[in-house]
Every structure is written in C-alpha cells, then in structure tokens.
Amino acid sequence: MHHTSVNAKSYKTNPMLEQSRYMVYQNLVNLKNNLTTCTTTVVNPLALVFFGDNIHVELKSDKRMEFTIGGQFGFNCDLETYRLIEDLRQGFNDLLTRKLTIPSPIDWSSEDGALLGAIIELLSYNFGAREPTPKYSKIHKK
C-alpha cells in the first residue's frame, strides 16, 4: 500500500481495517520494482456474501453450512443463517432485475425498502458491539 494512502496511515487506528482482510484498489503502480496499491477501500467480508458470485455450498452437518465465493472466500454458518442470506440474495437479485426492466425510485416504506434496509443493517452491523441498534426493524415476508 502506498505510504500516502489514508488506509496505510490509519491501519492501526481504523477498526474496519482490523476486522477485514479484504480490500479493493483502483490503481496498482510499479514504483522502483515494488507493486504498490493506491486508492484503496476496505471491504466488509459480508459484502462478498451478497455481491459475490460463483457460490459453492456444502452441508457440513445437519446444522452447519460452509460456502465459498469465487472459489477463494470461505464462510461457515448455521443452516438458518445461510437460508436468511440466500433469501436476501435472491430478493436483491429479483429487485435488481425489476429495476433494470422498469426503472423507478425505491419506496423505502415498501417491501423493497425493507429488503434493502435488512441488507444495509446486516452489512453495517458492528459485531464487536454488545447491543446493536437496528436502523431498520421491519422485514416483510411474502
């Protein structure tokens, strides 16, 4: 990482950098025979769960799942959590298909708004906090 990068300077003080080992970058520069990343952004591992592709799922026991995304990123969870993630991903893909077909703004008081709110809440959840404060608490079931 380039020494002038904000992330390089704040690596030890930024909790997000300590919680995630995934990062995307805009530029990869060869400086004096050293590859250096510039314009970096830390990626929450849960974002890979929602926006990654090429998912391989394996049932490890009657209650545990293991799945990999893109053949590189592995996750373990219980069956109920996996089903929730699967439902949210499918709902998000359906929403994107509808919005690409018939573009319109999101009505945040609708089922679409509740779906996006649930995804945002999960992606912004602070796993280190003792009592999370949910921003969106209504999730509509079909």
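Above this text sits the structure in question.
Since the structure is predicted, the reported quantities are computational estimates derived from the model, not experimental observations.

Trainee: Tell me what's going on with the overall build of the protein chain, and back it up with residues and numbers.
Mentor: Each helix and strand in the protein chain was counted, giving five helices and five strands. Along the protein chain, helices (α) and strands (β) appear in the sequence α-α-β-β-α-β-β-β-α-α when read from the amino end. Across the 142 residues of the protein chain, 29% fall into the buried class. Once local pairs closer than 6 in sequence are excluded, the contacts in the protein chain between residues at least 24 apart make up 34%. Carbon together with sulfur atoms contributes 53% to the accessible area of the protein chain, which is approximately 10500 Å² in total.

Trainee: Help me get a handle on helix H5 (residues 111-123), residues and values and all.
Mentor: Taking 1.5 Å of rise per residue, 13 residues should cover 18 Å, and H5 covers 18 Å from first to last C-alpha, within 8% of that figure. Of all the residues in H5, the buried ones are Asp 112, Gly 113, Ala 114, Leu 115, Leu 116, Gly 117, Ala 118 and Ile 119. The secondary structure elements touched by the buried residues of H5 are helix H3 (45-51) and helix H4 (79-101). By the N-cap criterion, in which a side-chain oxygen at the helix start approaches the backbone nitrogen of a residue two or three places on, H5 is capped by Ser 110, the distance to Asp 112 being 3.3 Å.

Trainee: Explain the environment of Val 24 to me, and be specific about the residues and the numbers.
Mentor: Secondary-structure assignment places Val 24 in strand S1 (residues 22-31). Along the primary structure Val 24 and Cys 38 are separated by 14 residues, whereas in three dimensions their C-alpha atoms are 9.6 Å apart. Contacts of Val 24, omitting those with residues within four sequence positions, involve Thr 39, Thr 40, Thr 41 and Val 43.

Trainee: Pulling in residues and values, what's your account of the packing of aromatic side chains?
Mentor: For the coordinates displayed, the defined rule picks out three aromatic pairs. A centroid spacing of 5.4 Å and a plane angle of 70 degrees characterise the contact between Phe 51 and Phe 92, whose relative ring orientation is edge-to-face. Taken as a pair, Phe 51 in helix H3 and Phe 92 in helix H4 lie far apart in primary sequence, 41 residues in all. The class of Phe 51 is partly exposed, set by a relative accessible area of 48%. On the numbers, 5.2 Å between centres and 55 degrees between planes, the contact of Phe 67 with Tyr 82 is tilted. Here Phe 67, found in strand S4 (residues 64-69), pairs with Tyr 82, found in helix H4; they are 15 residues apart in sequence, far enough to count as distant. Of the two residues examined, Phe 67 and Tyr 82, each falls in the buried class.

Trainee: Please give an account of unusual backbone geometry that cites residues and values.
Mentor: Peptide bonds are mostly trans, and most non-glycine residues show a negative phi. Despite not being glycine, Asn 33 has its phi angle at roughly 65 degrees, a positive value. Its relative accessible area of 73% is what places Asn 33 among the exposed residues. For Asn 54, which is not glycine, the phi dihedral falls at a positive 55 degrees. Relative to the helices and strands, Asn 54 is located in the loop between H3 and strand S3 (55-59). You can call Asn 54 exposed: its relative accessible area is 56%.

Trainee: Mind laying out the pairing of S3, listing which residues take part and the relevant values?
Mentor: By the bridge criterion, five bridges tie S3 to S4 in an arrangement that is antiparallel. Its bridge partner being in S4, Glu 58 is matched across the sheet by Glu 66. Hairpin geometry of S3 and S4 is characterised by an intervening segment of four residues between the two adjacent antiparallel strands.

Definitions and limits used
- Residues numbered from 1 in each chain as written.
- Predicted model: local features only at pLDDT ≥ 70, side-chain atom pairs only at ≥ 80, totals over all residues.
- Heavy atoms only, no water.
- Helix = DSSP H or I, 4+ residues; strand = E, 2+ residues; numbered from the N terminus.
- Buried < 20%, exposed > 50% of the residue type's maximum accessible area, 1.4 Å probe, protein only.
- Contact = heavy atoms within 4.5 Å.
- Areas by Shrake-Rupley, 256 points an atom, 1.4 Å probe, with all protein chains shown as cover.
- Expected span 1.5 Å × (residues − 1).
- Polar contact = N/O pair within 3.5 Å; in protein donor to acceptor, adjacent residues only side chain to side chain.
- Phe/Tyr/Trp six-rings, centres within 6.5 Å; stacked < 30°, edge-to-face > 60°.
- Pairing = 2+ DSSP bridges.

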